[in-house]
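# An overview of the molecular structure
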Amino acid sequence: MLSASALAGEPAVLPTSRADLTPKDQARVLAVTMPTTDFTRPEPFELMQGGAGTSRKDINRDAFSQSSANITFEEEGTFKLGNALFRKNWVSSPSSTQASDGLGPLFNERACQNCHLKDGRGRPPEGDAGSTSMFLRLARDAGSAEEKAALADHKLLNFPDPVYGAQLQDLAVPGLEGEGRMRVDYQEQKVTLGDGTVVSLRKPRYTIENLAYGPLDPRTTLSPRLTPPMIGLGLIEQIAPADILARADPGDRNSDGISGRPNMVRDELNGQVTLGRFGWKAQTASIRQQAADAFVGDIGISTPEMPKHWGDCTEAQKDCLAMPNGVQQRLGTAEAPPPVMDLVTFYSQNLAVPARRNLDEPDVLAGKKKFYEMGCIACHTPKFVTMRGTPNKAQAFQLIWPYSDFLLHDMGEGLADGQRVGEATGTEWRTPPLWGIGLTATVNGNAFYLHDGRARTLAEAILWHGGEGQKARDRFVGAAAADRDALIKFLESL
């Protein structure tokens, strides 16, 4: 196992082995998470890919909105209250609906659910449909020695645009202009597979129309971010850091071409440098921090964790800072006081992973074998067992199947956004979990994949893999049509 100090260049803050397990339990965990070599039948417990909390409810548009099956009756009530707040529309200040005002002044949406459509993934803007579930991150790398030192000390992830801040907000409260509108133009690219099949990929180009507050800084980069599914986050949070770090190989010591590495970030809730595991670049350490970042960046709502009452407004946006905020002193010092954050965090931690489907069908089993043989599991690690001592017993010691190592990988220039986020470079992305990916169209009514939704099918998503994913991608290109179809069937069963 690699220590955190070897990976981050500073004193280790993470364990390098699992202190929550006895030697007997450790042996059990290693055995059960070992990649299978038997593809003639499903593995034990493979149906329950979210552990005991897996949802066995009917598959429909609400498939991602079910609570963990193993929470208590009282916790189910907490979950429903969190759901209500997740769906709540915030309004601008001042308002007669006290405790609901504080929107913006600049924002992308009025409610969490409006971006995380049915708790699933977003979609790229198309025509006049808007961009409510995809937005642009605005950032630049360090320039001065002082800025480089701040990044090295994990004080910042990058540097926002001096006028527009860390994110483009296309909407604003009455009396204020939105910052601009994202525009996406696609160029079709043809890819010929080994058997002569031609697949059309679309390469996006991003610009901003109608910039309301002058030009962007010439060093600012644009990074599109599609909202990801919400399922299984609480389980991911309880994967032992040592189990994720054990899969890191930043120097590619085994010469397999895969150099996954963690994004070590400063947890803004406790000030410690720790393992990032959430977000497209693994830039966030906890679900609570992820929720706080979304409240302030997407909706313009302050929290105790992020007490920015004017959201992402910068010092250059004087009219924005002159707007009233929604702090109600009788409720606390933030627009979303601690009870709101407690409920939204609990909700986000307990959205269940749906059960597998058709996992014993011959073509699905054949596709699983191809998934392993093509080397996909080098990044998409099938299984983990969560920690024993979890804050909520529902996530404790669960065998889960997220199909991700939660590490950063260089995915090549084709997917590069050119934006540094913490230790993640402009070509690196966190391996996204695959559980639930086969229900994308069922839940969201569309099927867009990758960080910016450029891929319209799972096959297109695979064909965009470059860098460390190039070998697996090339094996997919060269495979027989029946093998490619089987692999897609396997993914659709997750």
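Up top is the structure these notes are about.
Computed from a predicted model, the values in this text were never measured in an experiment.

Moving on, we come to the pattern of salt bridges. Summed over all chains, the structure comprises 30 salt bridges. Measuring nitrogen to oxygen at the nearest pair gives 2.6 Å for the salt bridge that ties Glu-43 to Lys-368. Pair noted here: Glu-43 is in the loop between α2 (23-32) and α3 (73-87) and Lys-368 is in helix α10 (residues 362-373), with a separation of 325 residues, a long-range link. Judged by relative accessible area, which is 11%, Glu-43 ranks as buried. Residue classification places Lys-368 among the buried residues on the basis of a relative accessible area of 2%. With its nearest N and O atoms 2.9 Å apart, the salt bridge here joins Asp-417 to Lys-281. Linking Asp-417 in the loop between β11 (408-410) and β12 (428-430) with Lys-281 in the loop between β8 (273-276) and α7 (287-299), this pair joins segments that are 136 residues apart in sequence.

Within the structure shown, the criterion is met by 2 cavities of 30 Å³ or more. In this structure, the largest cavity spans a volume of roughly 70 Å³. If you go around the largest cavity, you meet 14 residues; those closest to its centre are Gly-50, Ser-68, Leu-235, Leu-351 and Ala-352. Within the lining of the largest cavity, the residues separate by chemical class into 5 nonpolar, 9 polar and no charged.

Following both chains from N to C, one finds α3 and helix α9 (residues 338-349) inclined at 105 degrees, their axes separated by 8 Å at the closest point. In terms of orientation, α3 and α9 fall into the roughly perpendicular class. Where α3 abuts α9, its residues Glu-75, Thr-78, Phe-79, Leu-81, Gly-82, Asn-83, Leu-85 and Phe-86 lie against Val-340, Leu-343, Val-344, Phe-346, Tyr-347 and Ser-348. Taken together, the residues of the contact of α3 with α9 sort by class into 9 nonpolar, 4 polar and 1 charged.

What counts, and where the lines are drawn
- Residues numbered from 1 in each chain as written.
- Predicted model: local features only at pLDDT ≥ 70, side-chain atom pairs only at ≥ 80, totals over all residues.
- Heavy atoms only, no water.
- Salt bridge = Lys/Arg side-chain N within 4 Å of Asp/Glu carboxyl O.
- Helix = DSSP H or I, 4+ residues; strand = E, 2+ residues; numbered from the N terminus.
- Buried < 20%, exposed > 50% of the residue type's maximum accessible area, 1.4 Å probe, protein only.
- 1 Å grid on protein atoms, 1.4 Å probe; cavity = no way out; pocket = protein on both sides within 12 Å on 5 of 7 lines; lining within 4 Å.
- Points joined across faces, edges and corners; volume = space filled by probe spheres on them.
- Nonpolar A, V, L, I, M, F, W, Y, C, P; charged D, E, K, R; others polar.
- Axes fitted to C-alpha atoms, helices over the stretch in contact; angles between N-to-C directions.
- Parallel < 35°, antiparallel > 145°, perpendicular 65-115°, else oblique.
- Contact = heavy atoms within 4.5 Å.

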